[in-house]
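Structure assessment
Here is what each chain is made of, one letter per residue.
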Amino acid sequence: MRQAFRRFWPLVKGDRRWLAVICVCVVLAALGETAAILLFSELTDHALRTGSVAAFWHPAGEWLAVTVLGAIIGYLGNSLAVWTAERFVMRLRARVFGHLQDLPPDFFARHRLGDLVERLTGDVAVIEQLVLTGVVGTISALFSVVFYAAAALWLCWQLALATFCLAPLFWLAARRFSGRIKRVARAERAADGAITSVLEESLGNIVLTQAYNRKRAEERRLRREARAWLRASVTGARLTELYQQIVQVVETLCVLAVIGLGAWQIAQHRLTIGQLLAFAAFLGYLYPPIQSLGNLGLTLQAATAGAERLLEILDTEPAVSDPPHPVNPRRVHGTVTLTDVGFRYPGAACDALRGISFEARPGELVLVTGPSGAGKSTFAKLLLRFYDPDTGTVRLDGVPLDALPLGFLRRHVALLPQQTLILHDTIAENIGCGRPGASRAEIVEAARDADAHDFVTALPDGYDTLIDPHTARLSGGQLQRIAIARAMLRDARVLVLDEPTAGLDAVAARRVIGPLRRLMAGRTTIMITHDLQLAPDADRILVLDGGRLVEHGGHAELLGRRSVYAELHSARQEAPA
Ligand SMILES: Nc1ncnc2c1ncn2[C@@H]1O[C@H](COP(=O)(O)OP(=O)(O)OP(=O)(O)O)[C@@H](O)[C@H]1O
């Protein structure tokens, strides 16, 4: 808990003065309540017992004034507290989200998307309690206890001492429950994450679910996770309820003890009835803050369960980061060089790439092919610096990639991934995100070059048509042409195309070849593909197998001898037949 607090406290930095104001408000509110109870005692003894209306007005006026003032201060303090807490939540979410975006692809392969979403929503909200309840709650409870205790001592010290002796019972009750509540809270957070994952996976693949009649199976999956959640949340609620009922019994015990002792004190003429009533009222006020000090542990334990899940993200180091002393080349020509590059995924048993060396000169088209699992996509990931190689170096214009600022590298090396990245936005924005700030005319020109203009203008809203990652309203080939238009706009010197025709039928694939040729013209292009349609255009073909570069050369040269490439090529030729 201490570690979680230490890690998240800096996020309150800009708002610490507001936290101080909130604390002053809660202290003043506690002081107001103490004064109100003392005025109630005075009212009972001077106005009620004697039946004097004249003695009523003065304490009644004071009581009302104190209450109104307390209400104003309470309102200000609580509103400010909510504002501060929500700002904290916003900052925390932004920080974790920012960190997540720097993590390598294998982190996302190890974690379910829904669970990560839950961490960014549910867990972040729970941690808010660490700050509000942790800091403001403790200060408020401490001051309330001090004020009420001082007032109780002033009223009747013998009774007050008896009350204080009973107070630790609350503390003990809370301590007994804290460990169990934390365990249950952690299970509940994990179950929340699992439910979000199932929903996200199911609804994200709705076509597959329907086509394979997986409706029942998906429902069973949801039911299984929901049962785990039900168990955890019912156990949590039962524990909290049990704790509250025990506290109630303890409180009644304390009140009865005080009234018994008070009756004896009144018989001895050491206490008035007004003072005893005020005392009983103080008990009503004194025990809740003691209880909340005890509860503090419980609330913080639940928050810690969420904090642990966020710290797990924050403690995962990005695989790559900006160099401390970056080289900033003026312009990029587009020479890509790999020297004896080897790479193994974190935790993998064998190398994904071994001893790869080659050079692509400016404007060249290099085709990378090979059987499935040969390491082709890994190759693309190294060029974009999603990972650094374990051995050897990848260079752009002779500069090692890890010496270039990441932003610079990714501005000049554009990736067209297998899956087209679609944002929930208009088509114009989806193309325009290739180069932020691009004008509409530039977007339209890029779309024309990518053969996308005609089908975009045929849509009812044209470039302003809203598209969505899941309900894209466009065919695979059309989406690919949007992605090509985006890459055209990006105008990077180096292009990395990962299976640009994958998932397209022969006709759609042929339709993207023209735009692709226009996109590649004058740029260094490294194209990873099984589809060998563009092979005759390639300046060089690299054949990977088992992570090694087994062959390289021109299309005709490789076909002319017995090669893996020739086999792949004839297999491809036969496939359509
Ligand atoms: N995140 C990962 N963690 C561990 N191993 C991985 C990871 N990603 C890929 N691999 C392994 O690395 C090797 C190369 O994978 P890669 O995806 O680069 O192959 P590929 O040639 O692109 O395959 P395909 O043509 O099927 O897309 C494979 O053996 C694969 O199992």
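Residues numbered from 1 in each chain as written. Predicted model: local features only at pLDDT ≥ 70, side-chain atom pairs only at ≥ 80, totals over all residues.

The name recorded for the protein in an unreviewed UniProt entry is ABC transporter ATP-binding protein, from Streptomyces silvisoli. One UniProt comment on the protein, placed under Subcellular location (unreviewed entry), says "Cell membrane". (UniProt positions renumbered as here; feature names shortened; annotations may be inferred.)

**Describing the overall build of the protein**
The helix and strand tally for the protein stands at 19 helices and 12 strands. Against the globule reference of 25 Å for 577 residues, the protein gives a C-alpha radius of gyration of 35 Å, more extended than a compact globule. Along the first, second and third principal axes, the C-alpha set of the protein runs to 115 × 50 × 50 Å. Sorting the 577 residues of the protein into buried and exposed places 35% on the buried side. Considering only intrachain contacts with a sequence separation of at least 6, the fraction spanning at least 24 residues in the protein is 80%. (Helix = DSSP H or I, 4+ residues; strand = E, 2+ residues; numbered from the N terminus. Rg over C-alpha atoms; globule rule 2.2 N^0.38 Å. Buried ≥ 20, exposed ≤ 12 C-beta atoms within 10 Å, placed from the backbone. Contact = placed C-beta atoms within 7 Å.)

**Describing the site of the ligand**
Near the ligand you find 13 residues, and of these Tyr345, Ser372, Lys376, Ser377 and Thr378 are the closest. Mapped by element, the contributors of at least two residues to the shell around the ligand are α4 (105-110) and α11 (376-383). It is α11 that contributes the most residues to the shell around the ligand, three residues altogether. Residues of the shell around the ligand, tallied by class, amount to five nonpolar, six polar and two charged. (Near = placed C-beta within 6 Å. Nonpolar A, V, L, I, M, F, W, Y, C, P; charged D, E, K, R; others polar.)

**Examining unusual backbone geometry**
A positive phi is found at His269, a non-glycine position, where the angle reads about 60°. C-beta crowding within 10 Å serves as the criterion here: with 7 such atoms nearby, His269 is assigned to the exposed category. Not every positive phi belongs to a glycine, and Arg385 is a case in point at roughly 60°. Here Arg385 shows up in the loop between α11 and β4 (391-396). Residue class for Arg385 comes out partly exposed when judged on the 19 C-beta atoms lying within 10 Å of it.

**Quick look at the nonpolar core**
If you look at the biggest cluster of nonpolar residues, it comprises 70 residues, and the most contacted ones within it are Leu383, Ala485, Leu495 and Val496. With eight residues, the top contributor of residues to this core is helix α16 (residues 476-490). Judged by nonpolar contacts, the second largest core, of 62 residues, contains Leu39, Leu155, Cys156 and Phe282. (Core = buried A, V, L, I, M, F, W, Y, C linked by C-beta atoms within 7 Å.)

**Some words on the domain arrangement of the protein**
With domains assigned, the protein is organised as domain 1 (2-190 + 232-314) and domain 2 (336-574). Using only C-alpha atoms to locate each centre, domain 1 and domain 2 end up separated by 58 Å. (Domains from an automatic or database assignment.)

**Thoughts on the packing of helix α6 (residues 157-166) against helix α9 (residues 215-267)**
Close contact between α6 and α9 brings their axes to 10 Å; oriented N to C, the two are set at 160°. When the axes of α6 and α9 are compared, the pair comes out roughly antiparallel. Every pair of crossing elements has a handedness; the one defined by α6 and α9 is right-handed. Along the contact surface, α6 presents Gln158, Leu159, Ala162, Thr163 and Leu166, while α9 presents Cys254, Ala257, Val258, Leu261, Gly262 and Gln265. For the contact of α6 with α9, the per-class residue count stands at seven nonpolar, four polar and no charged. (Axes fitted to C-alpha atoms, helices over the stretch in contact; angles between N-to-C directions. Parallel < 35°, antiparallel > 145°, perpendicular 65-115°, else oblique. Left-handed = near helix turned anticlockwise from the far one by under 90°.)

**Re the UniProt feature "transmembrane region" (unreviewed entry) in the protein**
The UniProt record marks residues 20-43, 63-85, 130-151, 157-174 and 246-267 with the feature "transmembrane region" (unreviewed entry), using the residue numbering of this structure. As a span, residues 20-43 carries 100% helix and 0% strand, and end to end its C-alpha atoms are 35 Å apart. Taken end to end, residues 246-267 comprises 100% helix and 0% strand; its first and last C-alpha atoms sit 32 Å apart.

**Observations concerning the environment of Trp9**
Tracing the backbone through its elements, the reader meets Trp9 in the loop between α1 (2-8) and α2 (16-48). For Trp9, a count of 15 C-beta atoms within 10 Å translates into the label partly exposed.

**Quick look at the sheet that holds strand β2 (residues 353-360)**
With antiparallel pairing, four strands are arranged side by side in an open sheet as β2-β1-β4-β5. A strand with exactly one partner marks an edge of an open sheet, and here the two such strands are β2 and β5 (399-400). Bridge count for strand β1 (residues 336-343) against β4 is five bridges, and the pairing is antiparallel. Within β4, the position partnered with Thr339 by the bridge is Thr393. Against the sheet, α11 engages β1, β2 and β4, with an angle of about 120° to β1. (Pairing = 2+ DSSP bridges.)

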